[in-house]
Amino acid sequence: MFKRLLKSALGFSGKKGSGKTTSRQPIEKRPLSADYDNNLQTLRQVFNQCFDILFREFFINADMPLRAFIVYVTGLTNHEMVNDHLLKSIMQETANLPSSVHLSKANVQQVIQERLINLDETSTTTDLIELVQKVLEGNTVLILDGSSTAIIAGVRGVEGRAIDEPDSEPGVRGPKDGFVEALNTNMSLIRRRIKTSRLKAETFETGLLTKTKLAVCYIKGIANDKVVQEVKQRIGRINIDSVLSSNQIEELIMDEAFSLFPLVQYTERPDKAAASLLEGRVVILVDNSPMPLIVPVTFISLLQAAEDYYNNAVFATSVRLLRFIALNIALLLPALTVAAFSFHQELLPTALISTVAGARQGLPLPIVLEILMIEFAFELLREAGVRLPKTIGQAISTVGGLVIGQAAVNAGLVSPISVIVVATTAIASFTIPNYAAGTALRILRFVLIILAGFFGGVGIISGLMVILFHLCSLRSFGIPYLSPIAPLSPGDLKDTMVRAPWWAMLTRPWMSGGNEPVRQDPDQGPQKPDKGGQTP
Amino acid sequence: MVSALLLVPGLTAEKAKQSAWIAIGLASLPSFLCLWIVWKLGKRFPKNTLPEYTEIILGKVLGKVVGGAYILFFLLVNILSICEFSEFLTVCFMPQTPAIALNAILVLIGAYAVLKGIEVIARAAQFVFPLFMISLLILFVSVLPAVKLGKLLPFLEGGIKPVIWGSIPSIFVYGEIIVLAILLPMVNKPEEIKRKGAFALLTVAIFLSAGMMFTLMIFGSNLSGDLLFPFWYLSKYIEFGSYLQRVEGLILLLWMIGMIIKIAIFYYLTCFSTAKTLGLKSYKPVIYPMALIYLPAATFLFRNTAEFRQFLELYWPYLGSIFELVLPLILLFVAVIRKKQRRVSR
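Conventions and cut-offs
- Numbers given for residues are sequential positions, taken from 1 along each chain in its written order.
- The lettering of chains begins at A and the numbering of ligands begins at 1, in the order of writing.
- Side-chain atom pairs in this predicted model are given and counted only at pLDDT of 80 or more, local residue features only at pLDDT of at least 70, and totals for whole chains, interfaces and linings cover all residues.
- Runs of H or I in DSSP of at least four residues are treated as helices and runs of E of at least two as strands, each being numbered from the N terminus.
- Computation of the radius of gyration draws on C-alpha atoms, with the globule rule given as 2.2 Å multiplied by the number of residues to the power 0.38.
- With C-beta atoms placed from the backbone, a residue is labelled by how many other C-beta atoms lie within 10 Å of its own: buried for 20 or more, exposed for 12 or fewer, partly exposed between the two.
- What counts as a contact here is a pair of residues whose C-beta atoms, placed from the backbone, lie within 7 Å.
- By this rule the span expected of a helix is its residue count minus one, scaled by 1.5 Å.
- Gly is placed with the polar residues, together with every amino acid not listed as nonpolar (Ala, Val, Leu, Ile, Met, Phe, Trp, Tyr, Cys and Pro) or charged (Asp, Glu, Lys and Arg).
- Among buried residues, those of type Ala, Val, Leu, Ile, Met, Phe, Trp, Tyr and Cys that are joined through C-beta atoms within 7 Å form a set called a nonpolar core.
- Delimitation of the domains relies on an automatic or database domain assignment.
- For two strands to pair, DSSP has to find at least two bridges joining them.
- Where helices are involved, their axes are fitted lines through C-alpha atoms of the stretch in contact, as for all axes, and angles between N-to-C directions lie from 0 to 180°.

A.B. asks: Is there a simple way to explain the overall build of chain A in this structure?
C.D. replies: In terms of regular secondary structure, chain A is built from 17 helices and 12 strands. Its C-alpha atoms give chain A a radius of gyration of 31 Å, clearly above 24 Å, the size a compact globule of 536 residues would have. Burial analysis of chain A (536 residues in total) assigns 36% to the buried set. At a minimum sequence separation of 6, the contacts of chain A that also span at least 24 residues come to 67%.

Structure below.
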């Protein structure tokens with residue numbers, strides 16, 4: 001019997017053969033017994049060989065001493081709280097009970113929960129499975145002699161990272177706090193910014209073994225109900241054994257199985273998450289992941305940085321323009337170079353072509369292979385730089401800069417022009433705010449270089465058209481990926497390539513499904529002072 | 001429209017000389033009629049597309065025959081587009097690349113787009129449209145310094161007759177508005193299509209006329225008639241000082257985008273009407289067999305540009321007007337007489 005219990009308590013279904021079907025069945029309930037020793041033994045059996053789970057037995061001071069025990073996970077519990085508010089109050093305060101209350105075996109559970117435990121978060125359960133789960137979540141569970149109801153006390157105290165600057169999305173003027181691993185902290189970072197009860201956060205639990213908590217956040221009345229429903233439905237469909245990062249959730253709820261382009265956005269910045277919520281999007285917080293997900297996503301939103309909203313609107317617009325140019329450079333420059341040098345020399349100005357021809361004299365490789373080679377070397381360097389500890393990283397950049405920059409040119413292996421092209425491309429690709437979008441560009445860049453090597457400009461355009469058709473066919477939770485450009489919703493263009501000043505952002509993006517379209521009152525723009533009110 | 005920009009100026013200028021730009025404008029007139037017919041038919045059968053209502057109007061057998069004819073027509077239009085474009089590329093841009101490779105690329109991209117559906121093609125078109133317009137405007141503005149108004153004179157030298165004759169080859173360009181006969185039921189707001197369609201036609205007419213005018217004003221009527229692709233040479237003409245030369249490559253690339261979208265649309269139409277006429281549930285199984293027709297047809301139908309031009313000049317206007325004007329008119333006529341209306345689609 002214990003074996004079966006152990007299996008179901010841990011969500012296991014035994015050996016692999018039978019695992020496939022049984023793992024999908026809901027775990028049945030197992031009531032606690034009224035017998036103290038039986039309960040204790042059962043739990044000891046369940047938590048057999050788990051050194052971090054502690055049992056503490058004690059007596060409750062009453063006319064007739066009652067036995068009780070608590071069970072908790074050491075690393076997940078705030079010991080001070082357990083000692084002060086649980087053990088101390090139960091063991092000592094019984095003496096201070098008003099005389100009208102008589103502690104007996106029959107009412108002990110009720111009296112303790114109502115009068116003695118001075119904690120805000122308590123609940124009860126009669127189910128052994130739930131009890132085990134609660135213990136593993138970091139709660140302390142109290143089981144009393146003669147009671148088949150256990151008291152669950154929320155005294156979690158997990159060591160976590162402090163709120164820190166978001167490393168992956170730094171900013172100059174915006175807020176400097178970033179999401180951390182703890183779900184509750186992350187939620188508080190959002191709640192701190194949006195103080196309305198309409199900000200809803202529904203929790204889900206996924207992962208048969210990891211029991212990871214997810215929170216689907218949205219603002220009721222602003223978010224598109226259909227999108228919210230769809231998100232909840234897709235999350236409800238997830239049935240895997242473990243969730244260790246938000247990326248797993250991302251891949252399980254994406255619209256398209258194999259698309260290079262990110263159909264789910266992530267951010268480390270609470271301000272960005274809050275802004276997305278206010279645009280009518282849905283934010284999915286995943287416990288133990290500092291990167292909440294944002295859906296739906298449009299391609300344009302991947303090119304926007306939070307910092308755009310913290311700077312002068314004209315400047316922000318120019319920066320976005322710059323970023324758009326950078327996007328094109330990152331995607332196209334090497335391919336265009338290949339096409340121009342190997343197919344369409346007649347399109348280059350005469351002066352340039354003679355320079356290039358001079359520089360390329362005596363080089364062993366055709367331009368396609370040359371550029372592919374340097375791009376490849378660069379990708380190697382980048383990957384090495386990411387994986388290495390920071391201290392060694394510098395060595396990489398020195399060696400890399402020397403090898404692909406100086407030495408390769410001096411040795412006559414590659415032309416300086418190719419190095420310039422690849423370097424410019426690399427710099428341009430760093431301006432894309434979304435890392436996932438950047439990776440898509442990296443791969444497509446290689447594809448386009450190869451196409452350009454075969455068909456020149458025609459190859460590039462063909463590649464671009466396929467990409468365009470692909471982008472047009474993508475949807476993120478029902479929202480077309482290229483909106484608001486195609487399909488065009490003119491009102492939303494104010495926050496795409498340009499960033500309109502705040503007093504002009506009168507309407508919410510179309511994404512919200514037309515709920516509460518008006519964001520703010522019109523005519524709040526800067527105005528000249530009234531003529532009558534001028535100071536002499 | 002794209003194809004119009006490439007070839008038509010040359011064809012028209014041969015006959016209409018200096019007044020070719022008027023001819024091009026004139027050529028748009030029949031297409032308004034076509035739009036009106038299509039719209040009327042669409043109103044009668046709001047949920048059906050052309051291959052479906054031909055069967056309702058003309059009966060099963062005759063309807064299938066007409067439907068089949070339209071399939072062939074769309075097929076031919078698309079083959080011509082592919083031909084035209086790969087021809088152009090090989091002549092002006094990539095002389096050493098075999099036409100079949102270019103055709104294969106165009107057909108494959110078309111197939112990919114059709115696989116994704118009409119909505120995707122439409123969105124892609126919408127995305128590209130501004131780029132296209134901007135590139136044209138830039139082209140016009142940048143050739144301004146070379147323009148000589150005098151080359152448009154004398155005005156209507158040979159009377160109105162050559163102008164009308166000259167306009168005939170370009171009628172088919174606008175006549176492509178017939179695609180609406182199939183796309184109409186798929187449009188979100190069909191009631192707006194009359195206005196928007198007319199607007200689109202007008203825009204195209206203005207841009208084409210303007211293009212013709214600029215070509216004439218720079219090369220004169222004789223040269224325009226002789227040049228194979230006058231518009232292309234127009235873009236070659238652009239030169240800002242010594243640092244910005246030969247922008248025609250970029251403009252050509254933009255044209256190619258437009259061309260691919262056109263090919264995708266007609267590809268879709270062919271597949272769609274084939275599926276409808278054959279009574280298939282989905283058009284997707286037709287896509288790849290269709291590619292097998294397109295590729296050899298586009299590669300081997302015409303031996304060279306001259307033959308291609310001859311076909312466009314001599315046969316295409318009549319063929320085009322049959323399918324774009326005469327047949328729809330007959331359909332509407334029969335529909336009115338037989339009082340066929342608003343049959344709900346199966």
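Still more ground to cover, so stick around.
A.B. asks: Where do I start with the overall build of chain B in this structure?
C.D. replies: Counting secondary structure elements, chain B contains 15 helices and two strands. Within chain B, buried positions represent 49% of all 346 residues. For chain B, the share of sequence-separated contacts (at least 6 apart) that also reach a separation of at least 24 residues comes to 81%.

A.B. asks: Any chance you could explain the environment of A:Thr212 here in plain terms?
C.D. replies: Residue placement: A:Thr212 occurs in strand β7 (residues 212-219). Setting aside residues no more than four positions away along its own chain, A:Thr212 makes contact with A:Glu205, A:Thr206, A:Gly207, A:Val243, A:Val286, A:Asp287 and A:Asn288.

A.B. asks: What is the right way to read helix α16 (residues 416-429) of chain A from this model?
C.D. replies: Within an α-helix, residues lying three or four positions from one another point in the same direction, as the helix has 3.6 residues per turn. An ideal rise of 1.5 Å per residue puts 20 Å on 14 residues; α16(A) measures up with 20 Å between its terminal C-alpha atoms. Residues of α16(A) that are buried include every one of A:Ser418, A:Val419, A:Val421, A:Val422, A:Thr425, A:Ala428 and A:Ser429, and no others.

A.B. asks: Whenever I open this one, the interface of chain A and chain B confuses me. Can you help?
C.D. replies: Across the contact, 22 residues belong to chain A and 21 residues belong to chain B. Residue contributions to the side of chain A that touches chain B peak at 12 residues, all from helix α17 (residues 435-473) of chain A. Its residues assigned to classes, the side of chain A that touches chain B comprises 17 nonpolar, five polar and no charged.

A.B. asks: It is not clear to me how the nonpolar core should be interpreted in this structure. Could you clarify?
C.D. replies: Taken as a class, soluble globular proteins show a tendency for nonpolar side chains to be buried jointly. Counting residues in each nonpolar core, the largest one holds 155 residues, and the members touching the most others are A:Cys217, A:Val282, A:Ile284, A:Ile460, B:Ile260 and B:Ala264. For this core, the two domains that each supply at least three residues are domain 2 (183-297) and domain 3 (310-480) of chain A. Discounting chain neighbours no more than four positions away, the residues touching B:Ile260 are A:Met465, B:Leu106 and B:Ile109. Residues A:Leu86, A:Leu131, A:Val141 and A:Leu142 belong to the second largest nonpolar core, which totals 30 residues.

A.B. asks: How should the sheet that holds strand β3 (residues 122-125) of chain A be read in this particular structure?
C.D. replies: Remark on secondary structure: sheet strands pair via backbone hydrogen bonds, oriented parallel or antiparallel. Residue and element names in this part refer to chain A. In spatial order, the strands read β1-β2-β4-β5-β3; together these five strands make up an open sheet with antiparallel pairing. Two strands bound the open sheet, and with one partner strand each, they are β1 (53-60) and β3. Each strand axis lies, on average, 25° off the axis of its neighbour in the sheet, ignoring direction. The pairing of β1 with strand β2 (residues 66-73) spans eight bridges and is antiparallel. What sits directly across from Phe 58, in β2, is Ala 68.

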